[in-house]
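Chain residues, written in single-letter form:
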Amino acid sequence: MSGEARTDGAPPSPPPPPLRFRAAGVMSLANGVFVTAATTEGNSEMSHHVDDHTLGVLFRDARTHNGWQDRPVPEEVLRAAWDLAKMGPTSANCMPARIVFVVSREAKEKLRPCLAEGNVEKTMAAPATAIIGHDLTFYEKLPELFPHTDARAWFVGNDALIATTAFRNGTLQGGYFIIAARAMGLDCGPMSGFDNAKVDEAFFAGTAVKSNFLCNLGYGDPAKLYPRNRRLSFDEACRIA
Ligand SMILES: Cc1cc2nc3c(=O)[nH]c(=O)nc-3n(C[C@H](O)[C@H](O)[C@H](O)COP(=O)(O)O)c2cc1C
């Protein structure tokens, strides 16, 4: 049984508005892209709508960067990105993600032998590389993070649930972090081409933290972008059941 299936005493969420009311909120933007505005019958207020520029920064114009300007990332920017990313939801508010920001030359050299060959040059050039990991003892913080029930007890002794929950929610938090970093004006270059065991030994020895993926951070060099690949459309990737 997963942690999410447990009842936490909260009242059930109201059902979502019928689809036809949402469809009424679809609006066409000048560039032909459609966004849905949060509308319900008799209320056209766009309470959850972000502006077109923001959508560009976070999604449409954001790219995966391979080359970096020689411009450092201030620590305050990394802190501000975390302060946004931490607000993204995790099951039982478990927050298993742990991030090491590799910035110093010494730490970069520790990372170098862990990297797949094709990721070495860009990672060494990036002003910062985030190691997104997850803590397999995350549940020890649940009495503080989810205090209204004994959520820690769901996990103690259940290694499969611990691993699944840590990986799922740590990955989500890594995704939140990418979007938060973009919101703070950073470019990102996520990577899974590295030796997890080597990274764990180099950066998480003596802890229960396991690496998930890396993410170069900085101010990208647009000249080094690869051509944009197409994305699956709604009809290719989704269906309404
Ligand atoms: C989890 C993850 C792992 C990735 N691993 C690598 C990698 O090891 N090396 C690499 O060059 N790009 C890697 N990428 C980059 C993807 O190929 C890239 O994000 C994707 O093609 C979309 O590119 P775009 O954002 O520029 O459209 C990875 C991306 C993600 C999200």
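What counts and what doesn't
- Residues numbered from 1 in each chain as written.
- Predicted model: local features only at pLDDT ≥ 70, side-chain atom pairs only at ≥ 80, totals over all residues.
- Helix = DSSP H or I, 4+ residues; strand = E, 2+ residues; numbered from the N terminus.
- Buried ≥ 20, exposed ≤ 12 C-beta atoms within 10 Å, placed from the backbone.
- Contact = placed C-beta atoms within 7 Å.
- Core = buried A, V, L, I, M, F, W, Y, C linked by C-beta atoms within 7 Å.
- Pairing = 2+ DSSP bridges.
- Axes fitted to C-alpha atoms, helices over the stretch in contact; angles between N-to-C directions.
- Near = placed C-beta within 6 Å.
- Nonpolar A, V, L, I, M, F, W, Y, C, P; charged D, E, K, R; others polar.
- Parallel < 35°, antiparallel > 145°, perpendicular 65-115°, else oblique.
- Left-handed = near helix turned anticlockwise from the far one by under 90°.
- pLDDT = per-residue confidence, 0-100.

## Observations regarding the overall build of the protein chain
Working step 1: In terms of regular secondary structure, the protein chain is built from 10 helices and 6 strands.
Working step 2: Per-residue burial for the protein chain yields a buried fraction of 29% across its 241 residues.
Working step 3: Summarising the internal contacts of the protein chain: among those between residues at least 6 apart in sequence, 77% fall at separations of at least 24.

## Here we look at the environment of arginine 228
Working step 1: Here arginine 228 is to be found in the loop between β6 (209–218) and α10 (234–237).
Working step 2: Separated by 164 residues in sequence, arginine 228 and threonine 64 have C-alpha atoms that sit 9.2 Å apart.

## What to know about the nonpolar core
Working step 1: Counting 42 residues, the largest nonpolar core has Ala81, Ala130, Phe177, Ala181 and Leu217 as its most contacted members.
Working step 2: Looking at this core element by element, the count peaks at 7 residues for helix α8 (residues 159–183).
Working step 3: Contacts of phenylalanine 177, omitting those with residues within four sequence positions, involve Ala81, Ala85, Ala130 and Ile132.

## Concerning the sheet that holds strand β3 (residues 97–102)
Working step 1: Taken in spatial order, the 4 strands line up as β3-β4-β6-β5 in an open sheet, and their pairing is antiparallel. The strands lining the two open edges of the sheet, one partner per strand, are β3 and β5 (187–191). Ignoring which end each strand starts from, the neighbouring axes of this sheet average 25 degrees apart.
Working step 2: With 5 bridges joining them, β5 and β6 adopt antiparallel strand pairing. Paired with cysteine 188 across the bridge in β6 is leucine 217.
Working step 3: Packing against the sheet, α8 makes contact with β3, β4 (128–135), β5 and β6, and its axis sits at approximately 150 degrees to β4.
Working step 4: Across the face of the sheet, helix α9 (residues 196–203) comes into contact with β3, β4 and β6 while running at roughly 90 degrees to β6.

## Structural notes on the site of the ligand
Working step 1: The environment of the ligand is formed by Arg63, Thr64, Gly118, Asn119, Pro190, Met191, Ser192, Gly193, Phe213, Arg228 and Asn229.
Working step 2: At the level of elements, α5 (117–125) and β5 are the ones that each hand at least two residues to the shell around the ligand.
Working step 3: Broken down by class, the residue content of the shell around the ligand amounts to 3 nonpolar, 6 polar and 2 charged.

## Some remarks on unusual backbone geometry
Working step 1: In this model, alanine 92 sits at a positive phi of 50 degrees, which is unusual for a non-glycine residue.
Working step 2: In this fold, alanine 92 is placed in the loop between α3 (75–85) and β3.
Working step 3: Notably, methionine 95 is not glycine yet its phi reads approximately 45 degrees, a positive angle.

## Notes on the packing of α3 against α8
Working step 1: Orientation of α3 relative to α8, taken along the N-to-C sense of each, is 130 degrees, at an axis distance of 8 Å. Of the possible angle classes, the one that applies to α3 and α8 is oblique. As for the relative orientation of α3 and α8, their crossing is right-handed in sense. Counted together, Ala81, Leu84 and Ala85 of α3 and Gln173, Tyr176, Phe177, Ala180, Ala181 and Ala183 of α8 form the full contact between these two elements.
Working step 2: Split into classes, the residues belonging to the contact of α3 with α8 amount to 8 nonpolar, 1 polar and no charged.

## Observations concerning the confidence of the model for the protein chain
Working step 1: In the predicted model, the protein chain carries a mean pLDDT of 87, and the fraction of residues at 70 or more is 80%.
Working step 2: Note that residues 1–11 has pLDDT below 50 and, in this model, 13 contacts with residues that lie over four places away or in other chains.
Working step 3: Note that pLDDT drops below 50 for residues 16–44; the model gives that stretch 29 contacts with residues more than four away or on any other chain.

## Here's the deal with the environment of threonine 123
Working step 1: By the element assignment, threonine 123 lies in helix α5.
Working step 2: Under the C-beta neighbour-count criterion, threonine 123 is labelled buried, with 23 such atoms within 10 Å.
Working step 3: Expressed as a C-alpha distance, the spacing of threonine 123 and cysteine 215, which sit 92 residues apart in the sequence, is 8.8 Å.

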